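Each chain is listed here by its residues.
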Amino acid sequence: MSLDWIYYAISWILLVWHGAWDFVGVPDPAVIGTNWAWILAIVFLVVTVRVILFPVFVKQIKSQRAMQALQPQVKALQEKHKGDRETLQKEMMELYRKEKANPLMGCLPMFLQIPVFLGLFHVLRRLNPDKSEAGKTLYGWTISQFESASSAKLFTAPIAGKFGSTAEELARLGANGTTVKIIAGILVLVMMGTTYLTSRQMILKTGWAEDPQQRMIQKLMLYGIPLSLLISGAIFPIGVIIYWVTNNLFTLAQQQWVLRKFPPPPTMSKPGTSARNPVQPAKTGGLLGRAKSAPPAPVKPAAPKVAGPKPGAKPVNPKKGPAKRQG
């Protein structure tokens with residue numbers, strides 16, 4: 001299957017935004033070793049994609065809320081079918097189908113962005129000043145646009161360069177290997193950190209899932225993906241890492257806004273659920289989990305105990321009997 005349509009779409013968005021920034025007066029030549037028109041074009045490629053995917057993001061939030069509401073029922077099924085994994089999975093799939101909840105919806109926005117990521121990776125990898133004229137004008141570029149992007153830099157490191165660039169690739173880009181490694185290495189660490197924080201923010205707000213499949217997905221997104229970037233980040237062009245970091249920052253802000261505007265409902269324990277491992281409630285703290293403790297509920301003072309009369313003692317407040325009749 002040809003992915004040319006993705007490469008044309010990514011190139012078109014980049015060129016439109018580069019032209020827009022050039023039109024408003026952002027200088028095309030490097031300032032502080034950076035070609036800001038091209039950097040901003042990559043940043044606003046993220047904005048364009050995220051605006052398009054916003055309805056999918058809302059569906060992701062709704063699906064996660066539905067999964068959270070089903071946790072007591074999932075826990076009850078786990079207790080009921082303990083040791084029978086096949087029946088448990090069948091019952092849970094039936095529960096998800098009945099309640100129209102999808103445990104994989106949490107990964108959908110990320111999966112939909114993979115073609116964009118691959119398209120940008122391919123387009124930036126082609127930024128080689130030694131390409132033929134036909135190669136430079138592929139995907140709708142003009143020769144001047146291609147040459148401008150090929151020489152675009154972030155603090156003197158080419159956006160087409162990467163941490164693992166060979167000496168030959170660096171020579172073609174006219175780049176210093178040490179500078180490229182420093183800039184790319186810093187960006188990879190930022191990419192890993194922001195990827196971790198985006199997953200952690202969502203888990204802090206919605207709580208850990210009781211469903212083993214959903215919990216495994218949460219752990220994969222929280223730990224597995226950031227760690228994998230330590231290795232794969234070495235082959236990403238700097239421009240692609242800029243895209244990833246910008247996307248993570250956009251996601252953090254978007255999640256914070258949505259979760260503040262539509263906070264998840266508190267999970268209520270239902271009869272029949274085990275108290276040994278209850279569903280973890282959603283936290284209201286920040287990204288690092290430093291939640292403010294809720295003020296203790298006021299305790300109503302107990303009524304003072306009144307000691308009863310000792311045996312044989314006269315009552316302190318004897319009840320008055322009926323008035324004696326006169327006469």
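Calculation rules
- Residues numbered from 1 in each chain as written.
- Predicted model: local features only at pLDDT ≥ 70, side-chain atom pairs only at ≥ 80, totals over all residues.
- Heavy atoms only, no water.
- Phe/Tyr/Trp six-rings, centres within 6.5 Å; stacked < 30°, edge-to-face > 60°.
- Helix = DSSP H or I, 4+ residues; strand = E, 2+ residues; numbered from the N terminus.
- Buried < 20%, exposed > 50% of the residue type's maximum accessible area, 1.4 Å probe, protein only.
- Lys NZ or Arg CZ within 6 Å of the ring centre and 35° of its normal.
- Expected span 1.5 Å × (residues − 1).
- Contact = heavy atoms within 4.5 Å.
- Core = buried A, V, L, I, M, F, W, Y, C linked by side-chain atoms within 4.5 Å.
- Polar contact = N/O pair within 3.5 Å; in protein donor to acceptor, adjacent residues only side chain to side chain.
- 1 Å grid on protein atoms, 1.4 Å probe; cavity = no way out; pocket = protein on both sides within 12 Å on 5 of 7 lines; lining within 4 Å.
- Points joined across faces, edges and corners; volume = space filled by probe spheres on them.
- Nonpolar A, V, L, I, M, F, W, Y, C, P; charged D, E, K, R; others polar.
- Salt bridge = Lys/Arg side-chain N within 4 Å of Asp/Glu carboxyl O.

Engineer: Describe the packing of aromatic side chains, naming the residues involved and giving the relevant values.
Structural biologist: By the definition in use, this model includes 13 aromatic pairs. Here Phe117 and Phe236 contribute two aromatic rings whose centre-to-centre distance is 5.0 Å and whose plane-to-plane angle is 75°, an arrangement assigned as edge-to-face. With Phe117 in helix 6 (residues 108-125) and Phe236 in the loop between helix 11 (212-232) and helix 12 (238-261), this residue pair connects regions lying 119 residues apart in the sequence. Accessibility assignment for this pair places Phe117 and Phe236 in one class, buried. Between Tyr196 and Tyr223, the ring centres sit 6.4 Å apart and the planes meet at 40°, which makes this aromatic pair tilted. Placement of Tyr196 in helix 10 (residues 177-206) and of Tyr223 in helix 11 is noted, with a sequence separation of 27 residues between them. Clustering of aromatic rings is evident, with ring pairs tying together Phe117, Phe121, Phe236 and Trp244. Across from the ring centre of Phe163, 5.6 Å away, lies the NZ or CZ of Lys181, which sits over that ring.

Engineer: Outline helix 1 (residues 4-23), listing residues and values.
Structural biologist: The end-to-end C-alpha distance of helix 1, which contains 20 residues, comes to 28 Å, matching closely the 28 Å that a straight helix rising 1.5 Å per residue would cover. Along helix 1, the residues classified as buried are Ile6, Tyr7, Ile10, Ser11, Ile13, Leu14, Leu15, His18 and Trp21. Close packing links the buried residues of helix 1 with helix 2 (36-52), helix 6 and helix 8 (143-150). Gly25 sits one or two positions beyond helix 1 and adopts a positive phi of about 105°.

Engineer: Describe the nonpolar core, with residues and values.
Structural biologist: In terms of nonpolar packing, the biggest core is built from 50 residues, with Phe236 and Ile238 touching the most fellow members. Mapped by element, the contributors of at least two residues to this core are helix 1, helix 2, helix 6, helix 8, helix 9 (167-173), helix 10 and helix 12. For Ile238, the residues in contact, after removing those within four places along its chain, are Leu154, Ala157, Pro158, Ile159, Gly161, Val180, Ile183, Ala184 and Leu187. Membership of the second largest hydrophobic core comes to nine residues, among which are Met67, Leu70, Val74 and Leu88.

Engineer: Outline the environment of Lys136, supporting the account with residue identities and numerical values.
Structural biologist: By secondary structure assignment, the location of Lys136 is in helix 7 (residues 133-136). Once the C-alpha coordinates of Lys136 and Glu147 are considered, the two residues, 11 residues apart in sequence, prove to be 8.0 Å apart. If sequence neighbours within four positions are ignored, Lys136 has contacts with Pro129, Lys131, Trp141, Thr142, Ile143, Phe146 and Glu147. Polar contacts involving the side chain of Lys136 include one to the main-chain carbonyl oxygen of Pro129, which spans 3.4 Å. There is a polar contact of 3.1 Å between the side chain of Lys136 and the side chain of Glu147.

Engineer: Describe the layout of surface pockets, naming the residues involved and giving the relevant values.
Structural biologist: Taken as a whole, the second largest pocket spans an internal volume of roughly 240 Å³. Lining the second largest pocket, in full, are Trp5, Ile6, Ala9, Ile10, Ile13, Leu45, Val49, Ile52, Leu53, Leu112, Pro115 and Val116. Mapped by element, the contributors of at least two residues to the lining of the second largest pocket are helix 1, helix 2 and helix 6. For the lining of the second largest pocket, the residue count by class is 12 nonpolar, no polar and no charged.

Engineer: Pulling in residues and values, what's your account of empty space enclosed by the protein?
Structural biologist: According to the stated counting rule, one finds one cavity of 30 Å³ or more in the structure shown. Within this model, the largest cavity holds a volume of roughly 40 Å³. Every residue lining the largest cavity is listed: Leu14, Trp38, Ile42, Leu124, Leu127, Trp141, Ala149 and Ile159. Per-class residue counts for the lining of the largest cavity are eight nonpolar, no polar and no charged.

Engineer: Could you give an account of the pattern of salt bridges, with specific residues and numbers?
Structural biologist: Counted by the stated rule, this structure contains six salt bridges. Between Glu94 and Arg97 there is a salt bridge, with the nearest N and O atoms lying 2.5 Å from each other. In this pair, Glu94 and Arg97 are both assigned in helix 5 (residues 85-99), three residues apart and thus about one turn of the helix distant. Via salt bridges that share partners, Lys75, Glu79 and Lys82 belong to a single interconnected network.

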